[in-house]
Amino acid sequence: MPGHPLPEPPATPHARPPRNGLTGGEALVRALAAHGVTQAFGIPGTHNLEIYRHLAAHRIDHLNPRHEQGAGYAADAYARVSGRPGVAITTTGPALLNIAAAVGQAYSDSVPLLVVSPGMPLHHPRQSTGLLHEMRSQTEALRGVAAVSHRVSSAEEIGVAVARAFTLFRTRRPRPVHIEIPLDLLTAVAPAGPVRTAPPLSPATADPQALSAAAAALRSAARPGIVLGGGARGAAAECLRLAVALDAPVVTSANGKGIVAETHPLSLGVSLHSRPVRRWLAERDVVLAVGTELAESDLWEPLPALGGTLVRADIDPAQMYAGPPADIPLVGDARHTLRSLLAVLPEAGGAHPEAHRAVAALREERNAGTRSQDAHLLPYLAAIAAVLPANAVLTSDSAQCCYYGAIPHLPVAPEGRYLHPTGFGTLGYALPAAIGAKTADPARPVVALSGDGGLQFSVQELATAVQLRLPLPVVVFDNGGYGEIRDEMASRGDRPTAVDLPPVDLPALARAYGGHGVRADSPEALAGALRRALDTPGPTLITVPQELPR
């Protein structure tokens, strides 16, 4: 199996190098450790063994999921929960392509993911020679989904490439980076030299004139509104202070879920997809959008024309004219930008009952439009909310139970997290992401939410959770296939095709892997199963059978 650690003829010698230098593999691992990396994800293969040889000596733990795509999703969630870049190691060829979907998802969701792989030897001929895992260009393939794909050309460049990756993570919109090291450089010995590390940098600060203009617009706003995306997560306290100071309702993208507590009287939660909320947004005289693309994947249709002034705060200058262009651009770190705004805005306002009543009425209008469609999910989501503590992490899939159910209807507080694959919209994210989240913070409760179709893209990661003895509930809403696509076909008047999956006894499958599996036919049964699963070593797959309206 490509990329799997089966015995194969070695392509390069694996004898230990003399002590007077470092191999390229050790230079890489040393550079990762120097940047604070303590955890990596991946699967060893013939071509990356020189990397694996040195992990333990440099105190880098390693977790081996059952598929490279799972390694990528686990590293992605590790980054989101820990606040540190996730690191994944693959071997050449098919293994690298296996992780490409996870790289694309990390790019879409602005996640700092570093993927390291071997590549063909430094002077490998352009003409194919049939070398194991050979492909025409790994870097060209990864450039299509990563922010950067960098093939080093010397042993000295390995440390530079790692330092550059961490510099990009710290100074730009964080997105995935791929580093390829030619096979012969991994085993070649070179003088050790100093470890190169990313330089310390001050956070980017928005232009003072733009800050003054934004403050003036917000001070004079009669109908302000705030939109928060994932880029605002590091400024949660500032976002709440600003909303209260302005009496401004807050709506978030899926990646911004929980930055302001979704039970707060000014919070509209994740509801950019709601038509009443989109109408409300179009009527604002000033909208402050922080760390969000205002993308079609968040709104489920193009953004309506805004009638007022759009102030955009983002680390990425391209966001100032991507989608709706900013009338007032604030390019810089979200926390520092909002602190600068708060310094010149009055904070004595807020707590006006009429503002809270208006938000409550809008929330009710939002819910009325979807209540019949989501009614079958709401009692189960309420059961989950009743069991989980405020700091719980929920991982999500591209499933109806998530984007129709949990995202708008399961409240999350700032101390909690909800990890969802937005934009790129991959399937199979929830289970391996939950493993990565639990690895990042073992003491924190983590629950995976998925549909039966999406789960089966990465169901083999149950074996990983069993191996680690992680107390991990995996809640699967089973609608017998790809429910969303089934519904879309029906709405077009098409005959549903290839969307109904033969039933699988998923709890039995979990037990076959060595975990636990139960069926929850009621919200009360789900609550009880979830409580037990949070205290049971190993994963517990909880199936919730669903009869969706057709």
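Data block above holds the structure.
Residues numbered from 1 in each chain as written. Predicted model: local features only at pLDDT ≥ 70, side-chain atom pairs only at ≥ 80, totals over all residues. Heavy atoms only, no water.

*Asks:* Tell me about unusual backbone geometry, residues and numbers included.
*Replies:* Phi angles above zero are rare outside glycine, and Arg-469 is one such case at about 55°. Of note in the backbone geometry, Ala-498 takes a positive phi value of approximately 60° without being a glycine.

*Asks:* With reference to specific residues and values, describe the sheet that holds strand β15 (residues 393-395).
*Replies:* Here we have 6 strands laid out as an open sheet, ordered β16-β15-β17-β18-β20-β19, and parallel in their pairing. The open sheet has two edge strands, β16 (417-419) and β19 (516-519), and neither has a second partner. Pairwise comparison of adjacent strand axes, ignoring direction, gives a mean angle of 20° for this sheet. Across the sheet, helix α3 (residues 68-82) touches β15 and β16, and the angle it forms with β16 is around 155°. Relative to strand β20 (residues 539-545), helix α19 (residues 461-468) is tilted by about 140°, and along the sheet it contacts β18 (472-478) and β20. (Pairing = 2+ DSSP bridges. Helix = DSSP H or I, 4+ residues; strand = E, 2+ residues; numbered from the N terminus. Axes fitted to C-alpha atoms, helices over the stretch in contact; angles between N-to-C directions. Contact = heavy atoms within 4.5 Å.)

*Asks:* I'd like a rundown of the packing of α3 against helix α17 (residues 430-440), residues and numbers included.
*Replies:* When two helices pack together, their arrangement is given by the angle between the helix axes and the distance between those axes. Packing of α3 against α17 brings their axes to within 7 Å, and their N-to-C directions diverge by 45°. Judged by the inter-axis angle, α3 sits oblique to α17. Judged by the twist between their axes, the crossing of α3 over α17 is right-handed. Across the interface between the two elements, Gly-70, Tyr-73, Ala-74, Ala-77, Tyr-78, Val-81 and Ser-82 from α3 touch Pro-432, Ala-433, Gly-436, Ala-437, Thr-439 and Ala-440 from α17. Of the residues in the contact of α3 with α17, the class split is 9 nonpolar, 4 polar and no charged. (Parallel < 35°, antiparallel > 145°, perpendicular 65-115°, else oblique. Left-handed = near helix turned anticlockwise from the far one by under 90°. Nonpolar A, V, L, I, M, F, W, Y, C, P; charged D, E, K, R; others polar.)

*Asks:* Any details on the pattern of salt bridges? Residues and values, ideally.
*Replies:* On inspection of all chains with the given rule, the structure shows 13 salt bridges. Between Lys-257 and Glu-262 there is a salt bridge, with its nearest N and O atoms 2.8 Å apart. Among the residues examined, Glu-262 registers a relative accessible area of 5% and is labelled buried. Residue Asp-521 is joined to Arg-519 by a salt bridge in which the shortest nitrogen-to-oxygen separation is 2.7 Å. Residue classification places Asp-521 among the partly exposed positions, given a relative accessible area of 49%. With a relative accessible area of 56%, Arg-519 lands in the exposed category. What you see here is one network of salt bridges that share partners, running through Asp-76, Arg-80 and Asp-109. (Salt bridge = Lys/Arg side-chain N within 4 Å of Asp/Glu carboxyl O. Buried < 20%, exposed > 50% of the residue type's maximum accessible area, 1.4 Å probe, protein only.)

*Asks:* Tell me about the layout of surface pockets, and please be specific about residues and values.
*Replies:* Volume-wise, the second largest pocket comes out at about 460 Å³. Lining the second largest pocket are 17 residues, and of these Met-120, His-124, Met-135, Arg-136 and Ser-137 sit closest to its centre. Class assignment for the residues of the lining of the second largest pocket results in 5 nonpolar, 7 polar and 5 charged. (1 Å grid on protein atoms, 1.4 Å probe; cavity = no way out; pocket = protein on both sides within 12 Å on 5 of 7 lines; lining within 4 Å. Points joined across faces, edges and corners; volume = space filled by probe spheres on them.)

*Asks:* An account of the packing of aromatic side chains is needed here, citing residue identities and associated values.
*Replies:* Here a ring pair, both rings aromatic, is described through the centre-centre distance and the interplanar angle of the planes. A complete count under the given rule lists 5 aromatic pairs for this structure. Ring plane angle 75° and centroid distance 5.7 Å describe the contact between Phe-166 and Phe-169, whose orientation is recorded as edge-to-face. Of this pair, Phe-166 and Phe-169 both sit in helix α7 (residues 156-171), 3 residues apart, which is roughly one turn of the helix. The residues Phe-166 and Phe-169 share a single accessibility class, namely buried. Across the ring face of Tyr-107, the terminal group of Arg-175 is positioned such that the distance to the ring centre comes to 3.8 Å. Sitting above the plane of the Tyr-418 ring, Lys-257 keeps its charged end 5.6 Å from the centroid. (Phe/Tyr/Trp six-rings, centres within 6.5 Å; stacked < 30°, edge-to-face > 60°. Lys NZ or Arg CZ within 6 Å of the ring centre and 35° of its normal.)

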